[in-house]
Each structure stands twice: as structure tokens, then as C-alpha cells.
Amino acid sequence: MEDGTSKSLGYCRDTGDYDVLQWDTREDCEVRQILDRVADKWSLQVIALLDRRSLRFTELRRMIDGVSQRMLTRTLRHLERDGLVSRTVHATVPPRVDYELTALGATLHDTISALVAWTESHQKEIAAARAAYDVRIAAEEQAARDEADRQAAVARQALGELARR
């Protein structure tokens, strides 16, 4: 069992209002741990690629740019443990292993698809916000450098006047 994983399963959703500050504060609540698992970049890509089809490990590895064999193995094991992916081993030489989404994993794929659709429809707004932020931060950093230079000049002038006395 991984660190931070509760030994018992529990339903941690209150009947009241949604409150992100309450995630994982109740006993037996694993919301944060589950979100961390399913929302990492490798899990999202695996879930997206397994939509309505099964893939072999090597196919997944070829399709996911930058993932190491070790990381893909860990990701698939975690997703299988969480009931989102099923693993089928075929008795062939060499062994063939296929992965596919479970019914539960398919429901998560629907949610991920909605998130991707939101991202696609708002990417220009996000790009504009990023550009505005970068300009603002650059201006603030330049103002801070200018102020530091001004203060250094004042200090040098004061030291020069003291030295002349």
C-alpha cells in the first residue's frame, strides 16, 4: 500500500455544498490522492489513447512522447489498481499484454474529453492572459532593477560626500 493511502474505503462526499478545502480532511477520504493519480500527464494520455480500443504496451509507449518504460509501467499499474484500466495477458511467445479502459475508466474519459474541449475553446484567451502576464512581470522586474540602480546611485553619492568631508 502506498504512503497516504487509507486502509479502508469510504464515501467522503458530504451532502452539503462543494468545498475544495474539505478534500481529504475527513477520515477515509482519498479525493486528493485519486485526483493526483488520474490527473497526471501520463495517466491522462493513457486514458485518452485507450478510448474505445485496447492497445499493447509497446503501442502505448510509441504513442506517448517522452514516457519512459518504467513510468508507463507504473502508470498502467496504478490505473489498473484503481480499476480504470484492465490488463489482459495472452499466452504467446513473446507474451502479449493488452490494456483497455474499464467501464469506470470510460466514464473518466468522458470527463477528460470535456476538459480538453474546454481547453480548446479557451486556448486563445489563455494565450492572451499569459502574454499579458509576461509583459506585466517583465515591466515589474525592470522597474525593480531600475529602483535598485537608483538606490545604488544614491548610496554611492552619499558615500562620496562622506569621503570628501
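Residues numbered from 1 in each chain as written. Predicted model: local features only at pLDDT ≥ 70, side-chain atom pairs only at ≥ 80, totals over all residues. Heavy atoms only, no water.

1. So, the overall build of the protein
Now for step 1: A count of helical and extended segments in the protein gives five helices and three strands.
Now for step 2: Along the protein, from the amino end to the carboxyl end, the secondary structure elements read α-α-β-α-α-β-β-α.
Now for step 3: For the protein, restricting intrachain contacts to residue pairs at least 6 apart in sequence, the fraction spanning at least 24 positions comes to 40%. (Helix = DSSP H or I, 4+ residues; strand = E, 2+ residues; numbered from the N terminus. Contact = heavy atoms within 4.5 Å.)

2. Overview of the sheet that holds strand β3 (residues 96-101)
Note on sheets: strands pair through backbone hydrogen bonds, and any given pair is parallel or antiparallel.
Now for step 1: Taken together, the three strands give an open sheet; going across it, the order is β1-β3-β2, and neighbouring strands pair in antiparallel fashion. In this open sheet, the two edge strands, each paired with only one partner strand, are β1 (55-56) and β2 (85-90).
Now for step 2: Sheet topology note: the β2/β3 ladder contains six bridges and is antiparallel. Within the sheet, the bridge partner assigned to Thr-88 lies in β3 and is Asp-98. (Pairing = 2+ DSSP bridges.)

3. Concerning helix α4 (residues 69-81)
Now for step 1: Between its first and last C-alpha atoms α4 spans 18 Å; for 13 residues at 1.5 Å apiece the expected length is 18 Å, and the two agree.
Now for step 2: Among the residues making up α4, those that are buried are Leu-72, Thr-75, Leu-76, His-78 and Leu-79. Projected down its long axis, α4 carries its buried residues within an arc of 160 degrees, all on one side. Turned more than 90 degrees away from the buried face of α4 sit Arg-70 and Arg-77, all of them exposed.
Now for step 3: Where α4 is buried, its residues meet α1 (31-38), α2 (41-49), α3 (57-63), β2 and β3. (Expected span 1.5 Å × (residues − 1). Buried < 20%, exposed > 50% of the residue type's maximum accessible area, 1.4 Å probe, protein only. Arc of directions from axis to C-beta.)

4. Details of the nonpolar core
Now for step 1: Formed by 21 residues in total, the largest nonpolar core has its most connected members in Leu-50, Leu-60, Leu-72, Leu-76 and Tyr-99.
Now for step 2: Where this core is concerned, the elements lending two or more residues are α2, α3, α4, β3 and α5 (103-164).
Now for step 3: Take this core: its biggest share by element is four residues, from α2. (Core = buried A, V, L, I, M, F, W, Y, C linked by side-chain atoms within 4.5 Å.)

5. What to know about the confidence of the model for the protein
Now for step 1: Overall, the predicted model of the protein reaches an average pLDDT of 86, with 82% of residues at or above 70.
Now for step 2: In the predicted structure, residues 5-10 sits below a pLDDT of 50 and forms 10 contacts with residues beyond four places in sequence or in another chain. (pLDDT = per-residue confidence, 0-100.)

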